[in-house]
Each structure stands twice: as structure tokens, then as C-alpha cells.
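Here are the chains, one letter per residue:
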Amino acid sequence: MARFFSFLQYLCLLSVLTLGLHGTFVDAQSAVVLVGSGSSVPAPLYNRWTQEYGRRSSAIQLRYLPVGTSEGIKQISHSAGDFGAGESQLTEKERKEGDLIELPVVLIAIVPIYNLPDIHQELRLSGEVLAQIFLGDVKMWNAPQIAKLNPDISLPALPIQVVNRPAGKGSNYVFTEFLSKASSKFRAQIGVTPSPKWPVGEPAERSSDMADKVKNNSGSIGYVEYQYAVKSSIAQAAVLNSAGKFVRASADSIAAACQAAEAPRWNNFSASLTNAPGAESFPITSFSWIYLRTASSNSAREAALSNLLDWVYSDGQQYAVQEGYSALPAPLLEAVRKKAKTLQ
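Reading the values: rules and limits
Residues numbered from 1 in each chain as written. Predicted model: local features only at pLDDT ≥ 70, side-chain atom pairs only at ≥ 80, totals over all residues. Heavy atoms only, no water. Phe/Tyr/Trp six-rings, centres within 6.5 Å; stacked < 30°, edge-to-face > 60°. Helix = DSSP H or I, 4+ residues; strand = E, 2+ residues; numbered from the N terminus. Buried < 20%, exposed > 50% of the residue type's maximum accessible area, 1.4 Å probe, protein only. Arc of directions from axis to C-beta. Contact = heavy atoms within 4.5 Å. Core = buried A, V, L, I, M, F, W, Y, C linked by side-chain atoms within 4.5 Å. Expected span 1.5 Å × (residues − 1). Pairing = 2+ DSSP bridges.

### What to know about the packing of aromatic side chains
Centre distance and the angle of the planes are the two values used to describe a pair of aromatic rings.
Argument step 1. Scanning all chains against the criterion turns up 15 aromatic pairs.
Argument step 2. Both rings, one in Phe 186 and one in Trp 198, keep their centres 6.1 Å apart while their planes meet at 50 degrees; by these two values the pair is tilted. Highlighted residues: Phe 186 in helix 8 (residues 184–189) and Trp 198 in the loop between helix 8 and strand 7 (202–203), separated in sequence by 12 residues. Of the two residues, Phe 186 and Trp 198, both sit in the buried class.
Argument step 3. Taken together, the ring pairs connect Tyr 46, Trp 49, Tyr 53, Tyr 64, Phe 83, Trp 311 and Tyr 319 into an aromatic cluster.

### Some thoughts on unusual backbone geometry
Most peptide bonds are trans, and most residues other than glycine sit at a negative phi.
Argument step 1. Pro 264 follows Ala 263 through a cis peptide bond whose omega is 0 degrees.
Argument step 2. Its location among the elements puts Pro 264 in the loop between helix 11 (251–262) and strand 12 (285–293).
Argument step 3. We note that Asn 275 has phi near 55 degrees; this positive angle belongs to a residue other than glycine.
Argument step 4. With respect to the helices and strands, Asn 275 occurs in the loop between helix 11 and strand 12.

### Comments concerning helix 9 (residues 207–216)
Argument step 1. Along helix 9, the positions that sit buried rather than exposed are Ser 207, Met 210, Ala 211 and Val 214. Buried residues of helix 9, seen end-on, are gathered within an arc of 95 degrees and therefore sit on one face of the element.

### A short note on the environment of Gly 68
Argument step 1. Checked against the element boundaries, Gly 68 lands in the loop between strand 2 (60–66) and helix 3 (69–77).
Argument step 2. Separated by 191 residues in sequence, Gly 68 and Gln 259 place their C-alpha atoms 27 Å apart.
Argument step 3. In this structure, Gly 68 is in contact with Gly 38, Ser 39, Gly 168 and Lys 169, ignoring residues within four places of it in sequence.

### Quick look at the nonpolar core
Argument step 1. Residues Leu 103, Ile 221 and Tyr 313 are the most contacted members of the largest nonpolar core, which totals 99 residues.
Argument step 2. Excluding residues that lie within four positions of it along the chain, Leu 103 makes contacts with Phe 269, Ser 288, Trp 289, Ile 290, Leu 292, Tyr 313, Val 336, Lys 339, Ala 340 and Leu 343.

### Focus: helix 11
Owing to its 3.6 residues per turn, the α-helix brings residues three or four apart onto one side.
Argument step 1. When the terminal C-alpha atoms of helix 11 are compared, their 16 Å separation across 12 residues agrees well with the 16 Å that a helix rising 1.5 Å per residue should span.
Argument step 2. All of the buried residues along helix 11 are Ser 253, Ile 254, Ala 257, Cys 258 and Glu 262. The arc enclosing the buried residues of helix 11, seen along the axis, measures out at 160 degrees, which places them on a common side.
Argument step 3. Check the buried side of helix 11 and you find it contacts strand 4 (100–114), helix 10 (226–232), strand 11 (246–247), strand 12 and helix 14 (330–342).

### Things to note about the pairing of strand 6 (residues 161–164)
Argument step 1. Summarising the sheet, strand 6 and strand 8 (residues 220–225) pair through 2 bridges and their orientation is parallel. The partner of Gln 161 across the bridge, within strand 8, is Ser 220.
Argument step 2. The pairing of strand 6 with strand 7 spans 2 bridges and is classified as parallel. Across the sheet, residue Asn 164 finds its bridge partner in strand 7, namely Pro 203.

Here it is in C-alpha cells:
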């Protein structure tokens, strides 16, 4: 079934890229359809941008396919489509061979979500304990490692049902980066990767699938982008940060992590934001990036993409907040806007 689904995804991507590059969604004589592909983490935002940007003019339209971060990078590297999107930092090889650059478009947080129906207090988890859970070393909810972090909670003698993401996902990259910083064993066995070889757990193909599986299965634990958890009303754990504080994800704690990593220079557009310093920082914070080619042979598409980027880094930011994401801080937004103009 998974192979069949991937094949259908491929056919869908191929058809959209072909149609988009030839402008046949709308008037083929005048329209440019910009096509992007990548992570499902920012998919609700790109869907909203598709609607709002499309209202401005029929001359430039936008399409986005949530096929995974790794696939999005692969497509843009092979000059398929106009941009990629995701949460994996580009490697030097990808930058050089694909003539690629990444620019942040929004702040995201990957939050541990869980389903313990009889627990109404806030659950606390550390990176070390999360690593043990996702390595399969901690198997019960009342394990001593979890109980030590939650002395005021009567934890159930219930098996932990792990839900993870399959290969090629941006949320995997962010989550494994945090766990690798927190646990030397996790770093040695799994490492930082969008395609971890999970020793335990059941996969969820998309972010929305992850939210549904955890919400509908008692005893389960998973990880998902913050706004998916909020919209699905799923319990989120507070996570121990580098300052020794348990912090829940919120617009403020996500912004605090970005400020701690970026200020005062605000020019490291590929910065890691996981485990950022500061008492208020949520430790599993990241940018969601747009991946762009640094040169184009099609002047019409280049001009259309320039127009889109101008809009994304101005009017488009308000829709990020409306969709439950955290907008880029003003100093960083200004710096990214200037960098985007140098690509035009």
C-alpha cells in the first residue's frame, strides 16, 4: 500500500509540475503557475497562500504539493518546479550541486503529543527521556524515567504506543536534531536525519495522519508541528530546555528560541534553532525554509517567483499567524527580504 501511495504521489507531482510549467491551469497565453513541493508541516500555510495570492491576479498562480521535505529538495535540485519547502538544512553538496539556497519563511515547533485520557495535568518530558521512548528503551507510561519528571502525576501502567514519521520528512529532521543534542545514545544510533531508521513505532505518512493516530489511540505518543496539535486539540508535553526549564510550545516560546539563536545579527538564515539558550525558549523550534535555485533560465518564471517572494515576505506573513504558525521576527524578516531581492 505504501509503495502504491508513493507512486500515486509521484504521478500527481509529475502532472502538476508539467501543467504548472506550461501554464495550463489558467490562460496558457498569459498565466504563470508557480509550482512548489515539499513538507506537509507548512502545507496549511502554502494552501492558504495559494488562495490569497491567487486572488491578486490571474496572471500568476501558485500550487503546492506536500510530498515530503527530501522529495521537495530532490525536485528543486533537478529543476522540477519553482521551489521546494521543508525543515531540513541543506547540505553543502545540495547547495553546490543544485545551486540552491534556503530562506526561512516561518517559525515552526515540533511538539510531543500524547494520548493519556485520565491524565489532566501537564506532562513533562526531557529530550533524554523522549530519546529513550523513541529508541524503545522506555516502554511503559509509568516507567521510572517518566515518573521522575512528573512526581505529582499518577501515571498509568499502560504500554507506550509510539507513532513516528517515515523517511524523507522535515519533522523527522527537527525532532532527531533535538534528540541527538539531548542523548548521545540517540545521536550514535539514529543521528540527525529526515530519514531515521526507527527501531520501534508505527509510521504516519503526513502530519495530519500523525495527529489523527495519536488522538485516536490511547497510550500513544508522537510528534507534530504545533499548529496541527492545537487545531486537533491534542495534549502536548512541556519539554525541558537547555536552561533547565520545562516549556510548552507557544508563539512566545517559539519566538524566544529564534531570538536567542539569531539576535543581534539576524543573518544566519540556515541556523539551527533546536535547544536554543534562554529560559523561555521552546527547545524543538525550527525554521521552515523555502528552497530556491540561485539562477534561472526562464525570465518569465523568474519574474513571477520574484513577485511571489515579495508578497510572502510582506502581506503573506499575516496569514502565517492566522494559520497558527509564528511569523518571522521583524529584524529577521527585513534581512530575509533584502536577501531575497539579491536573487532577483
